[in-house]
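Report on the structure
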Amino acid sequence: MSKRLLILSTILAACGFLAAAALGFPGRSGAQGAPLEVLLSWRADSYVPSRFSGKALPASESRITAGVDLVDQGQRVDLSGQRVQWYVNNEFYQGGTGMTRITLQAPRFIGTTSIQLRVSIPDYGRGPGKTVIIPVVPPEVVIGSSAPSLSADETPFALEAVPYFFNVGDPSGLQFSWALSGRVVGTSNPFTVTERMAEDARAARLELRVSNPERALERITENLTLFPIR
Amino acid sequence: MKKALIITGVLAVAVGIVATGIFLRGRGGAADTPDGAVTPPPGTLPVPIGGAGSEGADAGVVADPDGNSTPAEGPSATLLSRVSQAAVLDYAINPQDGLIVIDAGGAVISISGEENIIARANFGGISGAWFSADGKWLLVRSGTAESPRWSLLNVDERSWRDVPANTDEMVWSPTGGQLAYFARRIDGSALTTFDPEEGTTRSRLSLSAPDLSLRWITPADILIIDKPSSLAAGGVWKFSLGGDGLALLAKDVPGADVIWGDDEGLLFTAGPTGGRLSFLDIRGEAGRVANFLTLPSKCVFGKEELNEYLFCAIPQDASLLKDSQLPDDYLKGKFSTADALFAIDLVNGAFLPITAASRTFVFDAANMKVYGSDLYFTDRNTRKLYRASLAEATGTPAEGEELEDQ
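A short tour of the structure in this document, coming up. (Residues numbered from 1 in each chain as written. Chains lettered and ligands numbered in written order. Predicted model: local features only at pLDDT ≥ 70, side-chain atom pairs only at ≥ 80, totals over all residues. Heavy atoms only, no water.)

**Side note on the overall build of chain A**
- Of the regular secondary structure elements, chain A holds one helix and 15 strands.
- When each of the 230 residues of chain A is scored for burial, the buried share is 42%.
- Contacts spanning at least 24 positions in sequence make up 61% of the contacts within chain A whose residues lie at least 6 apart.
- Carbon and sulfur atoms provide 51% of the accessible area of chain A, an area that totals close to 12,200 Å². (Helix = DSSP H or I, 4+ residues; strand = E, 2+ residues; numbered from the N terminus. Buried < 20%, exposed > 50% of the residue type's maximum accessible area, 1.4 Å probe, protein only. Contact = heavy atoms within 4.5 Å. Areas by Shrake-Rupley, 256 points an atom, 1.4 Å probe, with all protein chains shown as cover.)

**Quick notes on the nonpolar core**
- W42, W86, I115 and L117 of chain A are the most contacted members of the largest nonpolar core, which has 35 residues in total.
- If near-sequence neighbours (up to four positions away) are discounted, I115 of chain A is found in contact with I64, V88, N89, L104, A106, P107, V132, I133, I134 and V136 of chain A. (Core = buried A, V, L, I, M, F, W, Y, C linked by side-chain atoms within 4.5 Å.)

**Re the sheet that holds strand 9 (residues 137–143) of chain B**
Residues and elements named next belong to chain B.
- What the four strands build is an open sheet, ordered 8-9-10-11; its pairing is antiparallel. Strands at the two margins of the open sheet, each flanked by one partner only, are strand 8 (126–131) and strand 11 (159–162). Between one strand and the next, the sheet's axes are offset by a mean angle of 20°, whatever the strand orientation.
- Both strand 10 (residues 148–154) and strand 11 contribute to a ladder of four bridges, which runs antiparallel. Within the sheet, the bridge partner assigned to S151 lies in strand 11 and is D162. (Pairing = 2+ DSSP bridges. Axes fitted to C-alpha atoms, helices over the stretch in contact; angles between N-to-C directions.)

**So, the state of the cysteines**
Residue and element names in this part refer to chain B.
- Applying the stated criterion to the full structure yields one disulfide over all chains.
- Note on cysteine connectivity: C299 is disulfide-linked to C312, with sulfurs 2.1 Å apart. What sets the handedness of the C299 and C312 disulfide is the S-S torsion sign, and at about 110° it is right-handed. One end of the pair, C299, is in strand 24 (residues 299–301); the other, C312, is in strand 25 (residues 309–315), with 13 residues separating them in the sequence. (Disulfide = S-S within 2.5 Å.)

**What to know about the environment of D263 of chain B**
Residue and element names in this part refer to chain B.
- Mapped onto the fold, D263 is located in the loop between strand 20 (257–260) and strand 21 (264–270).
- Residues D263 and S142, spaced 121 residues apart in sequence, show a C-alpha to C-alpha distance of 35 Å.
- Apart from residues lying up to four places away in sequence, D263 is in contact with D281 and I282.

**Quick look at the sheet that holds strand 22 (residues 275–281) of chain B**
All names here are of chain B.
- On the basis of which strands lie adjacent, the open sheet formed by four strands has the order 20-21-22-23 and antiparallel pairing. Edge positions in the sheet fall to strand 20 and strand 23 (286–290), since each has one partner strand and no second. Direction aside, neighbouring strands of the sheet carry axes that sit 25° apart on average.
- Summarising the sheet, strand 22 and strand 23 pair through three bridges and their orientation is antiparallel. Bridge pairing in strand 23 places L280 opposite A286.

**Regarding the packing of aromatic side chains**
- Within the structure shown, the criterion is met by 13 aromatic pairs over all chains.
- Relative to F335 of chain B, the ring of Y330 of chain B lies with its centre 5.7 Å away and its plane at 55°, an arrangement referred to as tilted. Pair check on accessibility: Y330 of chain B and F335 of chain B agree, each one buried.
- Ring geometry for Y371 of chain B versus Y376 of chain B: centroids 5.8 Å apart, planes at 80°, classification edge-to-face.
- The exposure class assigned to Y371 of chain B is buried, which follows from its relative accessible area of 17%.
- Directly above the ring of Y87 of chain A sits R118 of chain A, whose terminal nitrogen or CZ lies 4.2 Å from the centroid.
- Above the face of the Y330 of chain B ring, R380 of chain B is positioned so that its terminal group lies 3.7 Å from the ring centre. (Phe/Tyr/Trp six-rings, centres within 6.5 Å; stacked < 30°, edge-to-face > 60°. Lys NZ or Arg CZ within 6 Å of the ring centre and 35° of its normal.)

**So, the side chain of Q82 of chain A**
- Here Q82 of chain A shows up in the loop between strand 3 (75–76) and strand 4 (83–88).
- Accessibility expressed as a relative area gives 17% for Q82 of chain A, which makes it buried.

**Here's the deal with unusual backbone geometry**
- Omega for the bond connecting L326 of chain B with P327 of chain B falls within 30 degrees of zero, at 0°, which places this linkage in the cis form.
- Structurally, P327 of chain B can be placed in the loop between helix 2 (318–322) and helix 3 (328–332).
- With phi around 70°, F165 of chain A is a residue other than glycine that occupies positive phi space.
- Structurally, F165 of chain A can be placed in the loop between strand 10 (157–164) and strand 11 (175–180).
- Residue F165 of chain A is classed as buried on the basis of its relative accessible area, which comes to 1%.
- Here R383 of chain B, not a glycine, exhibits a phi torsion of approximately 65°, which is positive.
- Within the secondary structure layout, R383 of chain B lies in the loop between strand 29 (374–379) and strand 30 (385–389).

**Some details on the pairing of strand 5 (residues 91–97) of chain A**
Residues and elements named next belong to chain A.
- Sheet topology places strand 4 next to strand 5; six bridges connect them, and they run antiparallel. Across the sheet, the residue bridging to V84 is G96, located in strand 5.
- Linking two consecutive strands that pair antiparallel, namely strand 4 and strand 5, is a turn of two residues; a positive phi of about 50° is found at N89 within it.

**Quick look at the pattern of salt bridges**
- Counting across every chain of the model gives 26 salt bridges over all chains.
- With a closest N to O distance of 2.8 Å, E140 of chain A and K334 of chain B form a salt bridge. Placement of the pair is E140 of chain A in strand 9 (residues 140–144) and K334 of chain B in the loop between helix 3 and strand 26 (339–345), with the two residues belonging to separate chains.
- Here R288 of chain B and E264 of chain B are joined by a salt bridge, their closest N and O atoms 3.8 Å apart. (Salt bridge = Lys/Arg side-chain N within 4 Å of Asp/Glu carboxyl O.)

**Here's the deal with the pairing of strand 18 (residues 233–240) of chain B**
All names here are of chain B.
- The element strand 18 is largely enclosed, with a buried count of seven among its eight residues.
- For strand 17 (residues 221–226) and strand 18, the ladder comprises five bridges, and the chain directions are antiparallel. When the sheet's bridge partners are listed, D221 is paired in strand 18 with S240.
- In sequence, strand 17 turns back onto strand 18 through a hairpin of six residues.
- For strand 18 and strand 19 (residues 245–254), the ladder comprises seven bridges, and the chain directions are antiparallel. Within strand 19, the residue paired with W237 across the bridge is L248.
- Here strand 18 folds back onto strand 19 in antiparallel fashion, the turn holding four residues, of which G243 has a positive phi close to 110°.

Take a look at the structure:
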């Protein structure tokens, strides 16, 4: 009789445990409905104008800040006591208790490449983690005017250059050099050029060179062809 | 032995029942393809005759999925008029002053009837200005990106105050009564709300993740989105002010941007070039995919009696968006679009031209808002403000309205 009771109670206990697990036993990992999710994001310290609402992308040697949050059943988890590990291109980079933010530097290179950044919280539940790909891009400059099409007639035209992703906090630290049909053009404001095309010119080539005097790899040349409307 | 087999069998059945329950409960929610993009169910919005925004699209004619044309119903094509001569940073309509704008020089002007300057933002270089939805408040950002200054105008009282907030972005609540922003902290940021009437702030959520943007979509819900780039995948999170916390609506979306209507949102997902628009509900369930391409910033959901419509400015040259990195290239100003305005019926998918394509009057529509039966927008090139009445059915600018040749 006692053996039967023991067996029966064991069976009932096992079923009860399984039922509790299915219904969401208060535990550390994601329970019913809401899965465990990782919010991983990053920010590059490269320059973008304040009106730009897109994401600033890192250029060569840009400083990047990454941060992680863990959401369990819709609530943000306090990771101050959790081990957090960071990996860059599959190699261990940094780790520590409560290390939810790190900084890293984009590689020194010419061209476009990317960084694989992975974060792991190994001791929480099933050890959630997430991987993101951070693109590393060359700096660029966008030349624009208030007119919808880039053309010029006999009146002076005004163009403005807006740099993106250079490693400067203030674009006034960059060097701008304008040339129109091979002739260097002087400007009072380095970001803009106001010029007049030759009277009989069918087209004119505008060249802009932008460089960061602090970093040899940060230099670009942008070319535009202007057509007068007559 | 026999008893052991019986016990094992009973346990196996119990585990099987519970495992089946766990499996069935765990299904549902946003589906994920292996690459992390949300896969919508079959079904797209029909394409109008000639394609969206193409020349030759007949005003007021709708193509159904079978390609048959039928007369359009609902808001129909009508006249387009310029509302402001000056370049406008933002605009709103409030009960006291009617239509009010802030121009590029910082003058706050009531332009219902005679133009009347009601206030000035003398804070130096203005980098942004936003009216609350009810037009009772105007938020102005000046200063530098590292050290922005936020100033708030009580439009009715014509009085200014500073908003002490260390942030680079603030958004209004849908009803206009509060602001939300990420207050910078040493180790992250805090989602904070500010009540301009009371002058009080309240910290709602602390996050370590940087570079996040906000969309306040309902009085109780705020979307948290990674700043968009076609080269970076991010999430769309919903934070409920009522205590339900955070929910992931869309995962690993390149270039994500969202606008929201009464019941659903319009989500942009970037491709290597171009991208696609799809509808998203508050639970993160993916909906229809649109077979036209524009950016959410060029669309607005209708309100009240027009809440079954989505109004969009769609570039007439579809290849311009399809061949560009979005939204990056557009946000940088690498190109401008020449748009046509459409009303999309969200119930039957009908595509209704609001303005006919024109070769002489070109606009790159932005900052679209619906007030009553009027659609307002600014031209991104000139920043002038325009209005299209949705109640009339002309499809071309009215006689006597002289629109500039570009």
